[in-house]
Amino acid sequence: MKAIKNFAGILSLFIFGLCLYSCIGPVPVDVVMIDNELYFVLEEEREIAAIDVMVFNPSQGKQGGETMWALNHDLATEVKKRKYPNLKQIKYGQILDEFPRVIGPAPLKRNVEYWVGINMGDRFAREAFIITDENKVVMPRRKDKGERAAPGKTTGN
């Protein structure tokens, strides 16, 4: 009987962990080029708390490189007074009145790996991408596919 209780306890902890991960886990984001404009597209409209695009240096791991564009709130502002836009699609360099702190946007170079991070409070979206010489976007580290993109696999136009 004690073994059954222990097994049930472990099973319930495992299920609780899966539920918690699904609530705070990553959200997929696609990076696409449309008419020479770069967009970050989420699966559905979400409340956005911050956006950050930076140069990605794999040797530094999760540590960021140079920030190219960022939108967020001033931490001195009371949380209750902050406004968060509901967006599904975000254009690179887009100015949103809800975010008082803005860095950039700096021009993005070809064949440089960048990292986009979109904070949604309880969820997040992160993706690495490269803009090729042909003005196409390659996402070499697709986490939802579990594999790296093949050398010619692109998204967008």
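Residues numbered from 1 in each chain as written. Predicted model: local features only at pLDDT ≥ 70, side-chain atom pairs only at ≥ 80, totals over all residues. Heavy atoms only, no water.

Draft legend 1. Layout of the overall build of the protein. Per the secondary structure count, the protein includes one helix and nine strands. Listed by position from the N terminus, the elements making up the protein come as α-β-β-β-β-β-β-β-β-β. When each of the 157 residues of the protein is scored for burial, the buried share is 32%. Counting only carbon and sulfur atoms, one obtains 56% of the accessible surface of the protein, whose full area is about 10100 Å². (Helix = DSSP H or I, 4+ residues; strand = E, 2+ residues; numbered from the N terminus. Buried < 20%, exposed > 50% of the residue type's maximum accessible area, 1.4 Å probe, protein only. Areas by Shrake-Rupley, 256 points an atom, 1.4 Å probe, with all protein chains shown as cover.)

Draft legend 2. Structural view of the packing of aromatic side chains. What the rule picks out here adds up to four aromatic pairs. Centre to centre, the rings of phenylalanine 56 and tryptophan 115 are 4.8 Å apart; their planes meet at 20°, and the pair counts as stacked. Of this pair, phenylalanine 56 sits in the loop between β3 (50-55) and β4 (67-72) while tryptophan 115 sits in strand β7 (residues 113-119); the two residues are 59 residues apart in sequence, bridging distant segments of the chain. One aromatic cluster in this structure is built from Phe40, Tyr114 and Phe129. Its guanidinium or amino end placed over the ring of phenylalanine 124, arginine 126 lies 4.5 Å from that ring's centre, counting from NZ or CZ. (Phe/Tyr/Trp six-rings, centres within 6.5 Å; stacked < 30°, edge-to-face > 60°. Lys NZ or Arg CZ within 6 Å of the ring centre and 35° of its normal.)

Draft legend 3. Seen up close, the sheet that holds strand β2 (residues 37-47). If you trace the three strands from one edge of the open sheet to the other, you get β1-β2-β5, paired in antiparallel fashion. Every other strand in the sheet has two partners, leaving β1 (29-34) and β5 (86-91) as the edge strands with one partner each. Adjacent strand axes in the sheet meet at a mean angle of 25°, parallel and antiparallel pairs treated alike. Bridge analysis of β2 against β5 gives five bridges, and the strand direction is antiparallel. Bridge pairing links arginine 46 to leucine 87 in β5. (Pairing = 2+ DSSP bridges. Axes fitted to C-alpha atoms, helices over the stretch in contact; angles between N-to-C directions.)

Draft legend 4. Region of interest: the pattern of salt bridges. Scanning the entire structure with this criterion turns up three salt bridges. In this structure, the salt-bridge partner of arginine 46 is glutamate 44, at a minimum N-O distance of 3.6 Å. The closest approach of N and O atoms between glutamate 78 and lysine 81, which form a salt bridge, is 3.8 Å. Judged by its relative accessible area of 48%, glutamate 78 falls in the partly exposed class. Residue classification places lysine 81 among the exposed residues on the basis of a relative accessible area of 59%. (Salt bridge = Lys/Arg side-chain N within 4 Å of Asp/Glu carboxyl O.)

Draft legend 5. Representation of the environment of phenylalanine 56. According to the relative accessible area criterion, phenylalanine 56 is buried, its value standing at 14%. Measuring from C-alpha to C-alpha, the distance between phenylalanine 56 and glutamate 66 comes to 8.2 Å, with 10 residues separating the pair along the chain.

Draft legend 6. Structural view of the nonpolar core. If you look at the biggest cluster of nonpolar residues, it comprises 28 residues, and the most contacted ones within it are Leu38, Phe40, Ile48, Val53, Ile118 and Phe129. Only β1, β2, β3, β4, β5, β7 and β8 (124-131) provide two or more residues apiece to this core. Apart from the residues within four sequence positions on either side, leucine 38 is in contact with Val31, Val32, Met33, Ile90, Lys91, Tyr92, Leu108, Phe129, Ile131 and Val137. (Core = buried A, V, L, I, M, F, W, Y, C linked by side-chain atoms within 4.5 Å. Contact = heavy atoms within 4.5 Å.)

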